[in-house]
Amino acid sequence: MAWPLILAITFLVINIALFASTFYQILLLSDLEADYINMYEAASRINGLILPDFILQGVLSVLLLMTGHWFMFLVSVPVTCYHVMLYIKQRHLIDVTEVFRVLAAEKKYRMVKLGLLSVLFLMVIFRFIRAGHLLFRGPQFGDLDIRSSFLEF
């Protein structure tokens with residue numbers, strides 16, 4: 001059936017949205033550091049993206065867990081846990097009055113998140129190609145799924 005391909009496309013779209021959102025936030029923080037943008041404007045733009053970003057990351061992690069993509073889930077769970085911790089401690093929004101004090105830490109956090117999303121993006125692309133290949137060519141004798149071949153060296 002086409003379910004693996006549909007799931008791969010869903011993972012790909014969510015991952016691209018998270019990647020674009022994180023990259024845009026890094027650009028805003030860099031512009032703020034270079035004094036190209038007002039701190040109120042930068043904080044309001046970033047704060048408007050944070051909650052949808054958290055929700056999308058949670059949806060991606062739950063989908064990966066429910067569909068049995070364990071390795072991809074283990075790559076995405078540190079960011080999700082960090083988002084939950086920030087939300088519980090109510091430190092997820094950027095305060096306009098303290099934006100310059102936390103600028104370096106916020107940029108570092110988003111760069112690490114971008115790195116993890118890049119790794120996840122490569123895995124999702126691989127699963128997308130594999131799902132399309134199996135759908136259109138059909139499984140051949142000897143083809144192994146990535147989950148079974150990854151654990152057997």
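All residue numbers refer to position in the chain's written sequence, counted from 1. In keeping with the model being predicted, local features are shown solely for residues with a pLDDT of at least 70 and side-chain atom pairs are shown and tallied solely at 80 or more, while totals for entire chains, interfaces and linings include all residues. To obtain the side-chain values, all non-hydrogen atoms of the structure were included, while hydrogens and water were left out.

1. Some thoughts on a nonpolar patch on the surface
What counts is decided by this rule: Candidate patch residues must exceed 30% relative accessible area and have no salt bridge, after which like charges are joined if within 9 Å and Val, Leu, Ile, Met, Phe, Trp or Tyr side chains if within 5 Å. What sets the accessible areas is the Shrake-Rupley method with a 1.4 Å probe; for residues, cover comes only from the shown protein chains. Any Lys or Arg side-chain nitrogen found within 4 Å of a carboxyl oxygen on Asp or Glu counts as a salt bridge. Numbering of helices and strands runs from the N terminus; a helix is a DSSP stretch of H or I covering at least four residues, while a strand is a stretch of E covering at least two. Note on exposure labels: buried denotes an accessible area under 20% of the residue type's maximum, exposed denotes more than 50%, and partly exposed covers the range between, all computed with a 1.4 Å probe on protein chains only.
On the surface, Leu51, Ile55, Val59 and Tyr87 cluster together to form a nonpolar patch covering roughly 370 Å² of accessible area. As for its placement among the helices and strands, valine 59 is situated in helix H2 (residues 39–66). The exposure class assigned to valine 59 is partly exposed, which follows from its relative accessible area of 37%.

2. Quick notes on the environment of arginine 45
Rules: The contact rule is simple, with two residues in contact once any of their heavy atoms fall within 4.5 Å.
The residue arginine 45 is located in helix H2 in this model. A C-alpha to C-alpha distance of 10.0 Å links arginine 45 and isoleucine 94, two positions 49 residues apart in sequence. With residues near it in sequence (within four places) discarded, arginine 45 still touches Tyr24, Leu28 and Ile37.

3. A word on the packing of aromatic side chains
Going by this rule: Two rings from Phe, Tyr or Trp (for Trp, the six-membered ring) form a pair when their centres sit within 6.5 Å of each other. Planes less than 30 degrees apart are called stacked, planes more than 60 degrees apart edge-to-face, and all others tilted.
Going through the model one piece at a time under the given rule, you end up with one aromatic pair. Ring geometry for tyrosine 82 against tyrosine 109: centres 5.0 Å apart, planes inclined by 45°, an arrangement best described as tilted. Here the residue tyrosine 82 occupies a position in helix H3 (residues 70–88), and tyrosine 109 occupies one in helix H4 (residues 103–137), the gap between them amounting to 27 residues. On the accessibility criterion, tyrosine 82 (34% relative accessible area) is partly exposed.

4. Regarding the UniProt feature "transmembrane region" (unreviewed entry) in the chain
Put simply, the rule reads: UniProt positions are given in the numbering used here, feature names are shortened, and annotations may be inferred rather than shown by experiment.
Summarizing the sequence annotation, UniProt attributes the feature "transmembrane region" (unreviewed entry) to residues 6–30, 70–88 and 109–129 in the numbering used throughout. With 100% helix and 0% strand, the stretch residues 6–30 has end C-alpha atoms that lie 36 Å from each other. Regarding residues 109–129, the helix share stands at 100% and the strand share at 0%, and the terminal C-alpha atoms are separated by 30 Å.

5. Details of the side chain of lysine 113
Defined as follows: Identification of polar contacts relies on pairs of N or O atoms within 3.5 Å, with a donor-acceptor requirement for protein atoms, meaning one able to donate a hydrogen and the other able to accept it, and with residues adjacent in sequence counted only if both atoms are side-chain atoms.
Positionally, lysine 113 belongs in helix H4. Separated by 3.4 Å, the side chains of lysine 113 and histidine 83 make a polar contact.

6. Description of the packing of H2 against H4
Defined as follows: As a rule, the C-alpha atoms of each element are fitted with a line to give its axis, helices using only the stretch in contact, and angles between N-to-C directions run from 0 to 180 degrees. Left-handed describes a crossing whose near helix is turned anticlockwise from the far helix through less than a right angle; right-handed describes the clockwise counterpart. Polar here means any residue outside two lists: the nonpolar Ala, Val, Leu, Ile, Met, Phe, Trp, Tyr, Cys and Pro, and the charged Asp, Glu, Lys and Arg; Gly therefore counts as polar.
Closest axis-to-axis distance for the H2/H4 pair is 14 Å, and the angle between their directions is 35°. The handedness of the crossing between H2 and H4 comes out as left-handed. Across the interface between the two elements, Ile46, Ile50, Asp53, Phe54, Gln57, Leu60 and Leu64 from H2 touch Tyr109, Arg110, Lys113, Leu117 and Leu120 from H4. Looking at side-chain class alone, the contact of H2 with H4 contains eight nonpolar, one polar and three charged residues.

7. Things to note about the side chain of threonine 80
The topology assignment puts threonine 80 in helix H3. Every residue in contact with threonine 80, bar those within four places of it in the chain, is listed here: Gln57, Gly58 and Ser61.

8. Examining helix H1 (residues 3–33)
We count it as follows: For a helix, the expected span equals 1.5 Å multiplied by the number of residues minus one.
Here H1 contains 31 residues, and its C-alpha end-to-end distance of 45 Å stays within 8% of the 45 Å for a straight helix at 1.5 Å per residue. Backbone geometry just after H1 places aspartate 35 at a positive phi near 65°.

9. Section: unusual backbone geometry
Within the chain, aspartate 35 stands out as a residue other than glycine whose phi angle is a positive 65°. One can find aspartate 35 in the loop between H1 and H2. We note that glutamine 90 has phi near 55°; this positive angle belongs to a residue other than glycine. As for its position among the elements, glutamine 90 is in the loop between H3 and H4.

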